[in-house]
Amino acid sequence: MNVAPQALVPSVLLVGEALVDEFRERRVAGGAPFNVARSLAALRPGLPVCLVTRLHPADEGGAALLASSRRFNLSLAGIQHEPVHATGRVAVLEEGGGHHFEIHAPSAWDFIELAPAQALLAAAPPAFFYFGSLAQRGAVSRASIRALAQQAGELGSTRYLDLNLRDGSSEALLAAESLALSDWLKVNEHELAQLFAWFGTADDAQADMLGDASALAAPVQRLMQCFSLQRLILTRGAAGYVAFDAQGRVLAQAAGLVVSPMVDTVGAGDAFSAMLLSACLAGLELAQALALANRYAAALCGERGPLPDDDAFFAPWRALLLKESTR
């Protein structure tokens, strides 16, 4: 992807899993932080984006991840080499218009080392620090990610938690400790329902995630105040999205978009995060950024896998983002 870089100052540092998604017919690079990092690089060429992850450089998966990093002009400074454990793999099992994952363990990304990542973070404190819960399933990466999140907060970065409740990372304690280290939280309706069940009242657990957003104000406020969150972004699939402030007030919302043809929803949430962060860094108001994120995520649902094979896909989105940022 050869695009002239823009003169941009803000940066994003992401930490977590990079892996190979195994579909029925092919294998592609994936992992939520890796998907977000690559979209960020494609949408904002020249934006300093650094992904901290770990892979085995000598296996087939590691080679694929390094090749994809180079395709998107991602810095390799945060990619650690793991000599023992294989690069991560995930089987994507599709049926009935949806999908679920079988995530292999242990994987290279379970062993992210802290010291080199801390050096990167200290050298260039980012505007946003992105992390998730899946990469915290193992003790080594969990300790590293939490120390990095603490450091990022001390450096003034906005910590963006994309909660991914998957096998091995869906415990209440893990979620609570991650929430306590975040400023912005992005969840889907299933994840928010689980958070209400863990940390809310009995009434909170019965809240309708897809109904009137104002009905979620009280339980969202309780959750956000419990963990001192600044923003909560709820993605609701075909029902669209809602964003709340720290008091549980609705900041912005919109319905979902019709996708035709619908290919798959793998990586849609990652696309939403990438455009949201890109637009915020470009100076757009939150409502504008969310609207663009909604459109971009819908467009990715018309592509196979978490990112398109054709780099031409990104050109109109770059142009639109630039246009909106210069108004």
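All of these numbers come straight from a predicted model, not from anything done at the bench.

Per the stated rule, a full pass over the model turns up 16 salt bridges. Close ionic contact of Arg146 with Glu177 constitutes a salt bridge, the shortest N to O distance being 2.2 Å. Here Arg146, found in helix α4 (residues 139-154), pairs with Glu177, found in helix α5 (residues 172-179); they are 31 residues apart in sequence, far enough to count as distant. For Arg146, a relative accessible area of 19% translates into the label buried.

Core analysis: the biggest nonpolar cluster contains 54 residues, and Leu14, Leu40, Phe272, Met275, Leu276, Leu290 and Tyr296 have the highest contact counts within it. Broken down by element, this core gets its largest block of residues, nine residues, from helix α8 (residues 268-281). Filtering out sequence-adjacent residues up to four positions away, Leu14 remains in contact with Pro33, Val36, Ala37, Leu40, Val49, Cys50, Leu51, Val52 and Tyr130. Ranked by size, the runner-up nonpolar core spans 41 residues in total, among them Val15, Ala175, Leu179 and Leu185.

Think of an α-helix as 3.6 residues a turn; residues three or four steps apart then line up on the same face. Those residues of helix α10 (residues 315-325) not exposed but buried are Trp317, Arg318, Leu320, Leu321 and Glu324. In a view along the axis of α10, the buried residues occupy a sector of 165°, so they form one face of it. Tucked inside the fold, the buried residues of α10 contact α1 (32-43), α8 and α9 (286-300).

On to the confidence of the model for the protein, then. On average, residues of the protein score 92 in pLDDT, and 94% of them reach the 70 mark or higher. Segment residues 2-9: pLDDT under 50, and 14 contacts once partners within four positions in sequence are set aside and those in other chains are kept.

Moving on, we get to the environment of Phe199. Assignment of secondary structure puts Phe199 in helix α6 (residues 189-199). In this structure Phe199 comes out as partly exposed when scored by relative accessible area, which is 29%. C-alpha of Phe199 to C-alpha of Leu223: the two residues are 24 residues apart in sequence and 7.0 Å apart in space. With residues near it in sequence (within four places) discarded, Phe199 still touches Ala172, Ala175, Ala176, Leu179, Leu223 and Phe227.

Right, let's get into unusual backbone geometry. The bulk of non-glycine residues show a negative phi, and the bulk of peptide bonds are trans. Following Ala105, the chain continues to Pro106 via a peptide bond in cis, the omega torsion being -5°. Positionally, Pro106 belongs in the loop between β7 (98-103) and α3 (114-123). In this structure, Pro261 follows Ser260 across a cis peptide bond, with omega equal to 0°. One non-glycine residue, Asn73, adopts positive backbone phi at about 60°. Secondary-structure assignment places Asn73 in the loop between α2 (60-71) and β5 (79-81). Judged by relative accessible area, Asn73 falls into the exposed class, the value being 51%. Even without being glycine, Ser228 reaches a positive phi, approximately 55°.

Right, let's talk about the packing of aromatic side chains for a bit. Under the definition given, this model contains eleven aromatic pairs. Residues Tyr130 and Tyr160 carry aromatic rings whose centres are separated by 5.8 Å and whose planes lie at 15° to one another, so their mutual orientation is stacked. Residue Tyr130 is found in strand β8 (residues 128-132), and its partner Tyr160 is found in strand β9 (residues 158-162); the two are separated by 30 residues along the sequence. On the basis of relative accessible area, Tyr160 is assigned to the buried category, the value being 0%. Between the NZ or CZ atom of Arg38 and the centre of the ring of Phe34, over which it lies, the distance is 4.2 Å.

Attention now goes to the environment of Leu216. The residue Leu216 is located in the loop between α6 and α7 (217-227) in this model. In sequence terms Leu216 and Val250 are 34 residues apart; their C-alpha atoms lie 9.2 Å from each other. Non-local contacts of Leu216, meaning those with residues more than four positions away in its chain, are made with Phe196, Ala207, Asp208, Met209, Leu234 and Phe244.

Once that is clear, we can look at the packing of α6 against α7. Put simply, α6 and α7 touch, their axes get as near as 11 Å, and they point 70° apart. Between α6 and α7, the angle is such that the two are roughly perpendicular. α6 and α7 meet at a crossing whose hand is left-handed. Across the interface between the two elements, Leu192, Leu195, Phe196 and Phe199 of α6 pack against Pro219, Val220, Leu223 and Phe227 of α7. Partitioned by chemical class, the residues of the contact of α6 with α7 number eight nonpolar, no polar and no charged.

Conventions adopted
- Residues numbered from 1 in each chain as written.
- Predicted model: local features only at pLDDT ≥ 70, side-chain atom pairs only at ≥ 80, totals over all residues.
- Heavy atoms only, no water.
- Salt bridge = Lys/Arg side-chain N within 4 Å of Asp/Glu carboxyl O.
- Helix = DSSP H or I, 4+ residues; strand = E, 2+ residues; numbered from the N terminus.
- Buried < 20%, exposed > 50% of the residue type's maximum accessible area, 1.4 Å probe, protein only.
- Core = buried A, V, L, I, M, F, W, Y, C linked by side-chain atoms within 4.5 Å.
- Contact = heavy atoms within 4.5 Å.
- Arc of directions from axis to C-beta.
- pLDDT = per-residue confidence, 0-100.
- Phe/Tyr/Trp six-rings, centres within 6.5 Å; stacked < 30°, edge-to-face > 60°.
- Lys NZ or Arg CZ within 6 Å of the ring centre and 35° of its normal.
- Axes fitted to C-alpha atoms, helices over the stretch in contact; angles between N-to-C directions.
- Parallel < 35°, antiparallel > 145°, perpendicular 65-115°, else oblique.
- Left-handed = near helix turned anticlockwise from the far one by under 90°.
- Nonpolar A, V, L, I, M, F, W, Y, C, P; charged D, E, K, R; others polar.

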